[in-house]
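Inside the fold
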Amino acid sequence: MNFLLHPFSWLAPRRLNALCVGLLGLTLSLAWLDAAQAQAPKTKHAEHASKKSKKKPAHSSASTRKHPGKKTATAPGTSLNQNPEVSIWAQDAARRLQLDADWVQKTIAQTQRLPVIEKWVLPPTSPVAKDWSAYRARFIEPVRIQAGLRFWQKHRDTLDRAEREYGVPAAIIVGIIGVETLYGQNTGNFRVVDALGTLAFHFPQAHPRAAERQAFFRSELEQFLLLTSRSGADPLTIRGSYAGALGLPQFMPSSWSKFAVDFDGDGRIDLFGSPADAIGSVANYFKAFQWRTGMPTHYPVTLTPGQTDMDSLMAPDILPTFSVASFVGKGAALEGAALSHTGPLALIELRNGSNPPSYVAGTENFYAITRYNWSSYYAMAVIELAEAVAREMPSKR
């Protein structure tokens, strides 16, 4: 194995569990920025665990944002150490994390500030109307569906085992990895230490949540240094998304520490080169966020203008809140299996630009997908990609 291509592959599960977990969050998903017309950015895997909230941000999928090519992504910026706060932080972090102080300082001294990343994390200056149909078309298309089919066929036994052990459908796992990185074809080309360092110390103050986001990325930078130090990997060679997400499932460093598993049983966790580890880790992530085995993700819903209490139904946003009786009582009509649903529901709105919005009744499993990336548009794209690939599987027809 080429260790540089699989940078954390020597990090055994027992040691991973000993790492600081950090925030449980997802990060700025790359889908976030590129989908301004679909849904405003929200963040990922690390900070949401303590909040049962509405729409929030999530992961950092490298395939869900069209960013400049490799030349731009790898172009050097300026030294991060030009900010005097950085050296002070490095000394403190080394002490708190019990890392070699010289190693931390040398690593940070070679870390670059990348202005292009600072631009990408800002909300669009000219907001575009959210458009589910346009967002959907980027993911539910022949190239991605066929790539998903090949991935499922090649890793069918592993996906079946993950479904048995974690209760998460193989199709949903396939949908996640497909939306995140096109099955590993685009895992990002930024040095992760540069991405995290830039956002940890130069997160743009014009952002409405600048202080919160900067603290989040400092925590992720610490987790990244822990992972690389304990695995013996070179932090200057590992590449990922513009927000520092890693591997096929685009886990942030804290999510790697918390949720990644050695699913191929080789004694190491490798989300870059082991599809089995990526599959198992995605399943484990959803299990941690209370995936309900056998529960649908959503149901069709019919709304009648003038007879639906939209203000009440939309107030909780995507958080499942209403019993079936309460949901129907507020004018949201359900039918069939939905009427027998035993858990809470949420009214999910997907805007379609100048056309009327689409609506579905989201379950707790729909909400679980939004814990991977805090966007209802993302969740529906994962679900529909999963369904599209499943229809192509011979035994699924």
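Model, not experiment: these values are computed from the prediction.

Right, let's get into the sheet that holds strand E5 (residues 298–300). Across the sheet, 3 strands lie side by side as E5-E9-E8; this open sheet has antiparallel pairing. Here the strands that pair on one side only, and so sit at the sheet edges, are E5 and strand E8 (346–352). Taken over all neighbouring pairs, the strand axes of this sheet differ in orientation by 40 degrees on average, direction set aside. In terms of strand pairing, E8 meets strand E9 (residues 355–362) through 6 bridges, oriented antiparallel. Bridging across to E9, Leu347 finds its partner in Ala361. Sheet strands in contact with helix H18 (residues 376–392) are E5, E8 and E9, and its direction is about 90 degrees off that of E8.

Right, let's get into the packing of aromatic side chains. The description of an aromatic ring pair uses the distance of the two centres, along with the angle that the planes make with each other. Evaluation of the coordinates by the stated rule reveals 22 aromatic pairs. Plain terms: the ring middles of Tyr135 and Phe139 are 5.2 Å apart, the flat faces sit at 55 degrees to each other, and that makes the pair tilted. With Tyr135 and Phe139 both in helix H7 (residues 132–139), this residue pair falls 4 residues apart, about one helical turn. Among the residues examined, Phe139 registers a relative accessible area of 0% and is labelled buried. Each residue in the set Phe251, Phe259, Tyr285, Phe286, Phe289, Trp291 and Tyr372 is aromatic and connected to the rest through ring pairs, giving one cluster.

Another aspect to go through is the pattern of salt bridges. In total, this model carries 13 salt bridges according to the counting rule given. Note that Arg218 is salt-bridged to Glu85, the shortest N-O span being 2.7 Å. In this pair, Arg218 is assigned in helix H12 (residues 210–231) and Glu85 in helix H4 (residues 84–97), connecting sequence segments 133 residues apart. Look at Arg218 and you get buried, because its relative accessible area is 17%. For Glu85, a relative accessible area of 36% corresponds to the partly exposed category.

For the rest of this paragraph, the subject is the environment of Asp311. Relative to the elements of secondary structure, Asp311 occurs in helix H15 (residues 310–314). Separated by 19 residues in the primary sequence, Asp311 and Lys330 place their C-alpha atoms 9.8 Å from one another.

The complete set of buried residues in H7 reads Trp132, Tyr135, Arg138 and Phe139. All buried residues of H7 project into a common sector of 125 degrees when viewed along the axis, lining one side.

What follows is about the side chain of Arg371. Checked against the element boundaries, Arg371 lands in the loop between helix H17 (364–370) and H18. Reaching out from Arg371, the side chain makes a polar contact with the side chain of Thr370 at a distance of 2.8 Å.

The end-to-end C-alpha distance of helix H10 (residues 170–181) is 17 Å, a good match for the 16 Å that 12 residues give at a rise of 1.5 Å each. When you tally the buried positions in H10, you get 12 out of 12 residues, the bulk of the element. Here H10 has its buried residues at Ala170, Ala171, Ile172, Ile173, Val174, Gly175, Ile176, Ile177, Gly178, Val179, Glu180 and Thr181. Packing partners of the buried residues in H10 comprise H7, helix H8 (142–154), helix H9 (156–166), helix H14 (275–288), H17 and H18. Remark: Leu182 follows H10 within two positions and exhibits a positive phi of approximately 50 degrees.

Before going further, it helps to spend a moment on the pairing of E8. Summarising burial for E8: 6 of the 7 residues are buried, a large majority. Remark: 2 residues form the turn of the hairpin made by E8 and E9, two consecutive strands paired antiparallel; Gly353 in that turn has positive phi of roughly 65 degrees.

About the cut-offs
Residues numbered from 1 in each chain as written. Predicted model: local features only at pLDDT ≥ 70, side-chain atom pairs only at ≥ 80, totals over all residues. Heavy atoms only, no water. Pairing = 2+ DSSP bridges. Helix = DSSP H or I, 4+ residues; strand = E, 2+ residues; numbered from the N terminus. Axes fitted to C-alpha atoms, helices over the stretch in contact; angles between N-to-C directions. Contact = heavy atoms within 4.5 Å. Phe/Tyr/Trp six-rings, centres within 6.5 Å; stacked < 30°, edge-to-face > 60°. Buried < 20%, exposed > 50% of the residue type's maximum accessible area, 1.4 Å probe, protein only. Salt bridge = Lys/Arg side-chain N within 4 Å of Asp/Glu carboxyl O. Arc of directions from axis to C-beta. Polar contact = N/O pair within 3.5 Å; in protein donor to acceptor, adjacent residues only side chain to side chain. Expected span 1.5 Å × (residues − 1).

The values are spatial; any link to function lies outside them.
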